[in-house]
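Chain by chain, the residues run as shown.
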Amino acid sequence: MQHDATPGLSILIPTYNEAGNVAELVSRIEAAVCADPVLSIESTEILFVDDSTDDTPLAVARAAEAALLRITCIHREDRAGGLGGAVLVGAAQARYDLCLVMDGDLQHPPEKIAELYRTALGYEADVVIASRYAEGGMAAGLSGAARHAVSRASILLVRAMFPMRLYTCSDPMTGFFLFDRRAVDLDQLRPLGFKILLEMLARQKLRVVEIPFEFAGRFAGESKASMRQGLHFLRQLGQLRFGRMSGFAMVGVLGAVVNVALVWLLGRLGVGVVPATVIAAETTIVGNFLLQDRLVFGDLRSRHGFLGRFVRSFAFNNVEAALRIALVVQLVHLGWMSAAAATAVLLVVAFVLRYVFHALVVYAPARQYRV
Ligand SMILES: Nc1nc2c(ncn2[C@@H]2O[C@H](COP(=O)(O)OP(=O)(O)OP(=O)(O)O)[C@@H](O)[C@H]2O)c(=O)[nH]1
Ligand SMILES: [Mg+2]
C-alpha cells in the first residue's frame, strides 16, 4: 500500500432501499472510528451511493445531521452497473485514496473497519479483503443451506477460472474490502452487479492481503440478491474469462450441439429430414439469439429494442445459412472442394461475419450510453 502523510479513509456504501439500516450503521461506524486510535473522525468519511426508491436518502440526511463523521449521499437515477457501478462512482468522488467498501445492511461488522485499515497501512498490498472463508472467518449470515452451497460452489468455479490471479484469495466475491485507488485502474473495470471485487482481481494483477471476518445476518430490510444477479454473475464471468467474441463462439458451439440433437430427436419421432432440419435450425437461431442477447451483449445498450434486435439477428442468420448452403453446393459442383471442406471453411467465414454483424448492427451502441 502506498502511503502519504495523513492517509485517511473513505467508506463507500452502496445502498438500494436500506432506509431501516442507515441510522444503526452510521452510529456503529462512528463508534468504531472513535474507539480506534489509528482512525479519526476528521480523516474518515462515509459516502453512500444510493439507487433507492425508498426514503434511504432521507435516512442518510437525518443520520448525517446527528453524526460527527462527514457523510455524503450521492443519489443516482440510472442505477448504472448496479452495486458495482455505485462503488466506482463512490471511488471517483472519494476524498481519500484508501477506499473501504461495505454493504449497507450490517452484514459487514463496522468493528472490523479499523483492522482492514491497519492491515492496509501495515502491508505491501493494493487490496485488503475481509474474507468469510479465511481461517477464523464465518459465513453464518448467509440465509439458508442453498445460499451457502451456491456461495461455496461459485468461489470454487471462479478460482478454477482464474487460478493465478485468485491464488491467494479465499473469498473473491466478498463485498467487504479495502482498496487503494492509486493501485487499481478503475477505467478498466466493467461493473455488472454485485461482484466488483472479482472484477478488480480478475482484470488486474494486484497485491492482496486477507483478514477473516464473521458475516452477520441482515439487520433490517430485504435482500437484493436474486436470480437476476446470478445471471449477471455468469455473464460477468464469461466476459472476464473469454471476452465477447469467445462468449459468442461458445454460444454458437452450444447451438450447434443443440441443433444436431434436435435433428436426431425429430428423426426418431418420425419427422422427415427436410422439416426436421428446418425446425432444428430455426430453433437454434432463436435460442442462440436469446442467449447472446443476455450473456454476450447484455451490457451493451443497443440503439434497437428487443424486437428490432431479434428481427435483425433472425434475418441475418437465415440469409447467411441459405447463402452458405448454396455456396457449398456451388463449390462442390465446381470441383474446388469436398463438401466437408467447403462447409468447414464457410462456417469459419460465417462465424466472423455473424460476429461483426451482431456487434456493429444488431447491438449498434446507443449514442447516449455511459457506464
Ligand atoms: N447502489 C446500489 N446498491 C445496491 C444495489 N443492489 C444492491 N445494493 C446494495 O448492496 C449491498 C448488498 O446487497 P444485499 O441485498 O445485502 O445482498 P447480499 O448481502 O448478497 O444478500 P443478503 O445476504 O440476503 O443480504 C446492500 O447494501 C444493498 O443495498 C444497486 O443496484 N445499487
Ligand atoms: Mg446483504
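Because the structure is a prediction, the values reported are computed rather than measured. (Residues numbered from 1 in each chain as written. Chains lettered and ligands numbered in written order. Predicted model: local features only at pLDDT ≥ 70, side-chain atom pairs only at ≥ 80, totals over all residues.)

(A) Spatial organisation of the overall build of the protein chain. The helix and strand inventory of the protein chain stands at 10 helices and seven strands. Structurally, the protein chain occupies a C-alpha span of about 85 × 40 × 40 Å along its principal axes. Of all 371 residues assigned to the protein chain, the portion counted as buried reaches 34%. Of the contacts made within the protein chain by residues no fewer than 6 positions apart, 78% connect residues no fewer than 24 positions apart. (Helix = DSSP H or I, 4+ residues; strand = E, 2+ residues; numbered from the N terminus. Buried ≥ 20, exposed ≤ 12 C-beta atoms within 10 Å, placed from the backbone. Contact = placed C-beta atoms within 7 Å.)

(B) Structural detail: the site of ligand 1. Near ligand 1, the surroundings consist of 22 residues, among which Pro14, Ala86, Gly104, Ser223 and Lys224 are the closest. The biggest single contributor to the shell around ligand 1 is helix H3 (residues 82-93), with three residues. Class assignment for the residues of the shell around ligand 1 results in seven nonpolar, seven polar and eight charged. (Near = placed C-beta within 6 Å. Nonpolar A, V, L, I, M, F, W, Y, C, P; charged D, E, K, R; others polar.)

(C) Geometry of the nonpolar core. Counting 61 residues, the largest nonpolar core has Ile11, Leu12, Cys99, Leu100, Phe177 and Leu178 as its most contacted members. In this structure Phe177 touches Val101, Val127, Val128, Ile129, Ala130 and Leu197, once residues within four positions along its chain are discounted. Phe248, Leu295, Val296 and Val362 belong to the second largest nonpolar core, which has seven residues in total. (Core = buried A, V, L, I, M, F, W, Y, C linked by C-beta atoms within 7 Å.)

(D) Spotlight on the packing of helix H9 (residues 306-333) against helix H10 (residues 339-362). Look at H9 against H10: their axes get within 10 Å of each other, and the N-to-C directions meet at 160 degrees. With respect to each other, H9 and H10 are oriented roughly antiparallel. The element H9 and its partner H10 pack so that their crossing is right-handed. Of the residues in H10, those touching H9 at Arg309, Arg312, Ser313, Phe316, Glu320, Arg324, Leu327, Val328, Leu331 and Val332 are Ala339, Ala342, Thr343, Leu346, Ala350, Leu353, Arg354, Phe357, His358, Val361 and Val362. Tallied by class, residues from the contact of H9 with H10 come to 13 nonpolar, three polar and five charged. (Axes fitted to C-alpha atoms, helices over the stretch in contact; angles between N-to-C directions. Parallel < 35°, antiparallel > 145°, perpendicular 65-115°, else oblique. Left-handed = near helix turned anticlockwise from the far one by under 90°.)

(E) Representation of the environment of Ala125 in the model. Inspection of the secondary structure assignment puts Ala125 in the loop between helix H4 (113-122) and strand E5 (127-131). The exposure class assigned to Ala125 is partly exposed, which follows from the 19 C-beta atoms found within 10 Å. Distance in space between the C-alpha atoms of Ala125 and His75 is 31 Å, their sequence separation being 50 residues.

(F) Molecular detail of the environment of Arg241. By the secondary structure assignment, Arg241 is in helix H7 (residues 227-268). For the pair Arg241 and Gln93, spaced 148 residues apart in sequence, the C-alpha separation works out to 29 Å.

(G) Main features of the sheet that holds strand E6 (residues 177-180). Spatially, E3-E2-E1-E4-E6-E5-E7 is the arrangement adopted by the seven strands of the open sheet, whose pairing is mixed. Among the strands making up the open sheet, the edge pair consists of strand E3 (70-75) and strand E7 (208-212). On average, adjacent strands in this sheet sit at an angle of 20 degrees to one another, irrespective of strand direction. (Pairing = 2+ DSSP bridges.)

(H) Broad picture of helix H2 (residues 56-66). For H2, the complete set of buried residues consists of Thr56, Ala59, Val60 and Ala63. In an axial view of H2, the angular spread of the buried residues amounts to 100 degrees, which keeps them on one side of the axis. Against strand E1 (9-15), helix H1 (19-35), strand E2 (44-50) and E3 lie the buried residues of H2. (Arc of directions from axis to C-beta.)

(I) Here's a closer look at the pairing of strand E4 (residues 98-101). Every second residue of E4 is oriented toward a common face, with Leu98 and Leu100 on one face and Cys99 and Val101 on the other, all of them buried. Inspection of the sheet shows E1 paired to E4 by three bridges, in the parallel sense. For Leu12, the partnering residue across the bridge sits in E4 and is Val101. Sheet topology note: the E4/E6 ladder contains four bridges and is antiparallel. Looking at the pairing, Cys99 lines up with Phe179 of E6.

(J) Structural context of the domain arrangement of the protein chain. If you check the domain split of the protein chain, you get domain 1 (9-225) and domain 2 (236-362). The distance between the C-alpha centroids of domain 1 and domain 2 comes to 41 Å. Across the contact, eight residues belong to domain 1 and six residues belong to domain 2. Residue assignment for the side of domain 1 that touches domain 2 shows that the elements contributing at least two residues are helix H5 (144-161) and helix H6 (196-203). The greatest single-element share of the side of domain 1 that touches domain 2, amounting to three residues, is contributed by H6. (Domains from an automatic or database assignment.)

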